[in-house]
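These are the residues of each chain, in order.
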Amino acid sequence: MAHGMMVDALIFLGAAVVCVPIASRLKLGSVLGYLAAGCIIGPQALRLVADPHAIMEFAELGVVLMLFVIGLELDPRRLWELRRVVFVGGALQLVSTAGALTVGGLAVGLPWQASLIASLALSLSSTAIAMQTMSEKNLNGAPIGRAAFGVLLFQDLAAVPIMSLVPLLAPAGSVEPFQWINLGKGVLAILLVVGVGRYATRPLLSIAAQTHMREIFTAISLLLVLGIAHVMALAGLSMALGAFLAGVLLAGSEYRRALETDIEPFKGLLMGLFFIAVGMSIDFALLAEKPALVLGLLVGFQVLKLLALRAITPKFEIAGTQRLLFASLLAQGGEFAFVVFGVARASKALPSDYEGVLTLVVALSMALTPFLIILCDRLAANAADDQARAYDAIEDENPQVIIAGFGRFGQIVGRLLLATGHRATVLDHDPSSIEMLRKFGFRVFYGDATRMDLLEAAGIAHAKLLINAIDDQEDSLELVDAVREKFPKLPILARARGVNHYYELYERGVEIIERETFESALALGRHALTKLGKPPFEARELADRFRRHNVSSLETMAPHRLDEAKRLTIAKAGREELEAQFERDRELRRIGVEGPAWQRDEGGT
């Protein structure tokens, strides 16, 4: 058995290592890579792993850990601020989506009871896929991210009542006495989780922290999350909901960051395993047997859910450019639909031939989500291009500066330019900031800044300067290559994420390169020197000398960056030179020689 588990683990890891980088390289997202890996190794293709359902039960722990980490970021005060989005917006989403799908179910000939059960199950979205996609696109902190999270949280709350409703709609139509017992067990489980989270977890974590053993703290962290999830499961409630409550109760704890750091690697690995299990569960044999029925239900389900979600977006105060994206994020079926369909099958509330088909439709809708997101990005980019070209037709000035990437780094540069009276044109892929930026006088183009058609629409042919502030290193270098080929004389200023990125930009002839953390770290070091007793002017001169020496060393090593031995020799010589220079400075201070920096022997630095 152990041998079989080891082989399965190797298969999962190997499939993920091959498929996920390919999907990421093609800009399809990691989710689609994991799903493709599951399809390839599953029982419908290579049959390397035979039982996806057993894997799914284990992989659902990834969703549990994800909800716990999300809860750690939401203290009760922030959760209270989201109450309108959660309870009003979430309820509106569930009712509108279920209503539209119920009508669709009646139209294909399902009895009203079965149609209602199926529509409620299909109204639930995949928390795992939606949250993973928002995380990859940096949408969690944006209005669209908060709205989507609120809806997903309400769906987790609503999943248990939906599951309890299924036996009541069964053909027998009788309410069994144990339903009230189950309800009581659920309430007691929630109270137990709240009690443990508020009064027992901190002493337990304190004991673990006092051992000063990282592995013990990690073990107690996992015991805490999985234990609470198991209590919720025994009560018939959502394990993910219990983990989320535990995370919220620990959001204000001094152990929050340590918990997040310890849980994160397990969460990422199990989330990937969950997506692989979903890919393995896609029944291609059933799809081949009933292609018209499956594809017809899939298209009808996706269209109705997209329309229902798009219709309620004004209630969430989501920008018009992002409403279709919001609908696409939540358009798929969710993990809980599998559970609801299983309960419906056991209680004979859903025709047996439809249960398998609907399960397949949910799995296919999950696989379809990355393509919907890509389509939304393309539509938004085309709309932005059209809007931008119309804007250029009335604008009689040529752009002075183009800023590619408007994250934390690009924002500071853009604000400085705007404050000093210089116009800047911004290229960025985050549509949440577009309307805000336009209010403050920026010309904004949504889309991939490495696309030459978008750069030309932004007026790069007439720009005086390009500032490359893109986060992703590969995209940053791709932008420089594209611009150097078409506009070789355009000055480029770039942000470097690290030394290797610096060298790549340097070799491409970028005029000015700033490492994003270097200057701030140098400023902090200068303040540290003053706190340690150095006069401010001396601390500044030491920091300036260190800067000059560091930049000189980088430029010296640049031609030899691929020759590790040569690079290490130069780096060692540079350190020795800097140390000798500091020794000379110390000697000058000891004998009382002072004066301007330019009068001192700076040793060629």
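Since the model is a prediction, treat every value here as computed from it, not as a measurement. (Residues numbered from 1 in each chain as written. Predicted model: local features only at pLDDT ≥ 70, side-chain atom pairs only at ≥ 80, totals over all residues. Heavy atoms only, no water.)

Student: Please clarify how the overall build of the protein should be interpreted in this entry.
Tutor: Along the backbone of the protein there are 25 helices and six strands. Burial analysis of the protein (605 residues in total) assigns 47% to the buried set. Counting only contacts in the protein whose residues sit at least 6 apart along the sequence, the fraction spanning at least 24 positions is 73%. On the protein, roughly 29900 Å² of surface is accessible, and the fraction owed to carbon and sulfur atoms is 63%. (Helix = DSSP H or I, 4+ residues; strand = E, 2+ residues; numbered from the N terminus. Buried < 20%, exposed > 50% of the residue type's maximum accessible area, 1.4 Å probe, protein only. Contact = heavy atoms within 4.5 Å. Areas by Shrake-Rupley, 256 points an atom, 1.4 Å probe, with all protein chains shown as cover.)

Student: Sorry if this is basic, but what is going on with the packing of aromatic side chains here?
Tutor: Two measures describe an aromatic ring pair: the distance that separates the ring centres and the angle between the ring planes. Following the criterion strictly, the structure yields four aromatic pairs and no others. Ring geometry for Phe316 versus Phe326: centroids 5.3 Å apart, planes at 45°, classification tilted. Taken together, the residues span a long stretch of sequence, with Phe316 in the loop between helix H14 (291–312) and helix H15 (323–329) and Phe326 in helix H15 at a distance of 10 residues. On the basis of an interplanar angle of 15° and a centroid distance of 6.3 Å, the ring pair of Tyr502 and Tyr506 is categorised as stacked. Here the residue Tyr502 and the residue Tyr506 both occupy positions in helix H22 (residues 499–507), the gap between them amounting to four residues, near one helical turn. On the accessibility criterion, Tyr502 (7% relative accessible area) is buried. Relative accessible area serves as the criterion here: at 34%, Tyr506 is assigned to the partly exposed category. (Phe/Tyr/Trp six-rings, centres within 6.5 Å; stacked < 30°, edge-to-face > 60°.)

Student: It is not clear to me how the pattern of salt bridges should be interpreted in this structure. Could you clarify?
Tutor: Two side chains with opposite charge may pair up if their charged atoms get near one another. Applying the stated criterion to the full structure yields seven salt bridges. Among the ionic pairs, Asp471 bridges to Arg495, the shortest N-O distance being 3.0 Å. Taken together, the positions of Asp471 in the loop between strand S4 (465–468) and helix H21 (473–486) and Arg495 in strand S5 (residues 492–496) put the pair 24 residues apart, joining distant regions of the chain. By relative accessible area, which is 5% here, Arg495 ends up buried. Here Asp481 ties to Arg508 by a salt bridge, and the two come within 2.7 Å at their closest N and O atoms. You can see Asp481 sitting in helix H21 and its partner Arg508 sitting in the loop between H22 and strand S6 (512–515), a full 27 residues away along the chain. (Salt bridge = Lys/Arg side-chain N within 4 Å of Asp/Glu carboxyl O.)

Student: How should I be thinking about the confidence of the model for the protein in this particular structure?
Tutor: Close reading of the predicted structure is inappropriate where its pLDDT is low. Of all residues in the protein, 80% attain a pLDDT of 70 or more, and the chain-wide mean is 77. Per-residue pLDDT, averaged within each element of the protein, yields its smallest value for helix H25 (residues 564–591) (60) and its largest for H14 (91). Confidence over residues 173–178 falls short of pLDDT 50; this stretch has four contacts with residues more than four positions distant or in other chains. (pLDDT = per-residue confidence, 0-100.)

Student: Just checking my understanding: could you explain the packing of helix H10 (residues 214–234) against helix H11 (residues 239–249) for this structure?
Tutor: Close contact between H10 and H11 brings their axes to 8 Å; oriented N to C, the two are set at 135°. Viewed along their axes, H10 and H11 adopt a mutual orientation that is oblique. Two packed elements cross with a definite hand, and for H10 against H11 that hand is right-handed. The segment H10 lies against H11, with Val225, Ile228, Ala229, Met232 and Ala233 engaging Met239, Leu241, Gly242, Ala243 and Ala246. (Axes fitted to C-alpha atoms, helices over the stretch in contact; angles between N-to-C directions. Parallel < 35°, antiparallel > 145°, perpendicular 65-115°, else oblique. Left-handed = near helix turned anticlockwise from the far one by under 90°.)

Student: In this structure, what is going on with the environment of Glu541? I would like to understand it.
Tutor: Relative to the helices and strands, Glu541 is located in helix H24 (residues 536–557). Distance in space between the C-alpha atoms of Glu541 and Arg526 is 9.2 Å, their sequence separation being 15 residues.

Student: Is there a simple way to explain the side chain of Arg484 in this structure?
Tutor: Residue placement: Arg484 occurs in helix H21. For Arg484, the side chain forms a polar contact with the main-chain oxygen of Leu490, separated by 3.2 Å. With residues near it in sequence (within four places) discarded, Arg484 still touches Leu490, Ile492, Arg508, Gly509, Val510 and Glu511. (Polar contact = N/O pair within 3.5 Å; in protein donor to acceptor, adjacent residues only side chain to side chain.)

Student: Is there a simple way to think about unusual backbone geometry in this case?
Tutor: Across residues other than glycine, the phi torsion is negative in most instances, and most of the peptide bonds are trans. A positive phi angle, close to 60°, is found at Arg47, a residue other than glycine. Within the element layout of this structure, Arg47 appears in the loop between helix H2 (30–41) and helix H3 (52–72).

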